[in-house]
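Architecture and fold: a report
Chain by chain, the residues:
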Amino acid sequence: MYMKITSPLIISALIANFFIFSCSKDEPATVEEVLTYQVEDLEGNIFVDNQTLEFSTINYPDASLLFKVRNTSSETIAMRIEVESMSGTDGSLMELCFGECYYGVTTGTSYPTNPSSPNVNIEPGQTQASSGDHFFNADEGDGNTAVEYTFKFYLADETGNQDGTAFRIKYRYCLLYTS
């Protein structure tokens, strides 16, 4: 028995099947791991994104915010911190330590600043190797306006450019006046 295929619907279905099967792959798709991290205090308490940490002193160590970045993924991560914004200060009395210490910071600058080694690398399940990483403000401001910094932690590529999730912490110093 001979059947002639002339129906446009049958021809369209055959062409669609040919296209679908010719484009399918025999190998499973690979899923790339999302690199993740968390920022925590020295006791392991996890900070929340955009959390504001308030200080009422500029005296060390009470005004020092010590932190660790924990790699929660199964691959090594590269991290940096950018001074995203500041107000009530020029940044000259802020100490930022992340891998290296910097005395005085600038808005828009990412740390570490060494172009040959722009990142702090953190092994899977670990925190950064350096101890004592912190933010410490010694600027008392003008007495009327709070001194505020927004620090952006971010995953970076090998040249230090942002390449992943960002996380922010706000450091705020405000002297509380009583009358």
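Predicted model only: the values in this text are computed from it and were never measured.

**Observations regarding the environment of Gly91**
Locating Gly91 in the fold gives a position in the loop between strand S5 (77–87) and strand S6 (94–98). As for Gly91 and Gly104, which are separated by 13 residues in sequence, their C-alpha atoms are 5.4 Å apart. Aside from chain neighbours lying at most four places away, what touches Gly91 is Met86, Gly104, Val105 and Tyr149.

**Comments concerning the sheet that holds strand S7 (residues 100–103)**
Read across the open sheet, the four strands follow the order S3-S10-S6-S7; overall the sheet is antiparallel. Each of the sheet's edge strands pairs with one partner strand only, and the pair in question is strand S3 (64–66) and S7. Looking at each pair of strands side by side, their axes are set apart by 10° on average, direction ignored. The sheet contact formed by S3 and strand S10 (residues 134–137) spans three bridges and is antiparallel. Of the residues in S10, the one forming a bridge with Leu66 is His134.

**So, unusual backbone geometry**
A cis amide bond, omega 5°, links Tyr60 with the succeeding residue Pro61. Here Pro61 is to be found in the loop between strand S2 (51–55) and S3. That bond from Tyr111 to Pro112 is cis: its omega, 0°, falls within 30 degrees of zero. Along the chain, Pro112 falls in the loop between strand S8 (110–111) and strand S9 (120–122). A positive phi is found at Asn50, a non-glycine position, where the angle reads about 70°. For Asn50, the location among the structural elements is in the loop between strand S1 (37–40) and S2. On the accessibility criterion, Asn50 (38% relative accessible area) is partly exposed.

**Looking at the side chain of Glu95**
Position of Glu95 relative to the elements: it lies in strand S6. Among buried Asp, Glu, Lys and Arg side chains, Glu95 stands out as unpaired, with Lys68 the closest opposite charge at 15 Å.

**Some points on the state of the cysteines**
According to the stated counting rule, one finds one disulfide in the structure shown. The disulfide partner of Cys97 is Cys101, and the S-S distance across this bridge is 1.9 Å. Here the disulfide of Cys97 and Cys101 is right-handed, its torsion about the S-S bond being about 115°.

**Considering the nonpolar core**
Leu96, Phe135, Phe153 and Tyr171 are the most contacted members of the largest nonpolar core, which totals 33 residues. Residue assignment for this core shows that the elements contributing at least two residues are S1, S2, S5, S6, S9, S10, strand S11 (147–156) and strand S12 (162–173). With near-sequence residues (within four places) excluded, Phe135 lies in contact with Ala63, Ser64, Leu65, Phe67, Ile81, Met94, Glu95, Leu96, Phe151, Phe153 and Tyr171.

**Remarks on the packing of aromatic side chains**
Under the definition given, this model contains 12 aromatic pairs. Plain terms: the ring middles of Tyr149 and Tyr171 are 6.3 Å apart, the flat faces sit at 75° to each other, and that makes the pair edge-to-face. Taken together, the residues span a long stretch of sequence, with Tyr149 in strand S11 and Tyr171 in strand S12 at a distance of 22 residues. Site record: aromatic cluster; members linked through ring pairs are Phe55, Phe67, Phe98, Phe135, Tyr149, Phe151, Phe153, Phe167 and Tyr171. Directly above the ring of Tyr154 sits Lys152, whose terminal nitrogen or CZ lies 5.3 Å from the centroid.

**Side note on the side chain of Ser64**
Its place among the elements puts Ser64 in strand S3. What makes Ser64 buried here is its relative accessible area of 11%. The contact partners of Ser64, leaving out residues within four places of it in the chain, are Phe55, His134, Phe135 and Phe136.

Reading the values: rules and limits
- Residues numbered from 1 in each chain as written.
- Predicted model: local features only at pLDDT ≥ 70, side-chain atom pairs only at ≥ 80, totals over all residues.
- Heavy atoms only, no water.
- Helix = DSSP H or I, 4+ residues; strand = E, 2+ residues; numbered from the N terminus.
- Contact = heavy atoms within 4.5 Å.
- Pairing = 2+ DSSP bridges.
- Axes fitted to C-alpha atoms, helices over the stretch in contact; angles between N-to-C directions.
- Buried < 20%, exposed > 50% of the residue type's maximum accessible area, 1.4 Å probe, protein only.
- Lys, Arg positive; Asp, Glu negative; His and termini not counted.
- Salt bridge = Lys/Arg side-chain N within 4 Å of Asp/Glu carboxyl O.
- Disulfide = S-S within 2.5 Å.
- Core = buried A, V, L, I, M, F, W, Y, C linked by side-chain atoms within 4.5 Å.
- Phe/Tyr/Trp six-rings, centres within 6.5 Å; stacked < 30°, edge-to-face > 60°.
- Lys NZ or Arg CZ within 6 Å of the ring centre and 35° of its normal.

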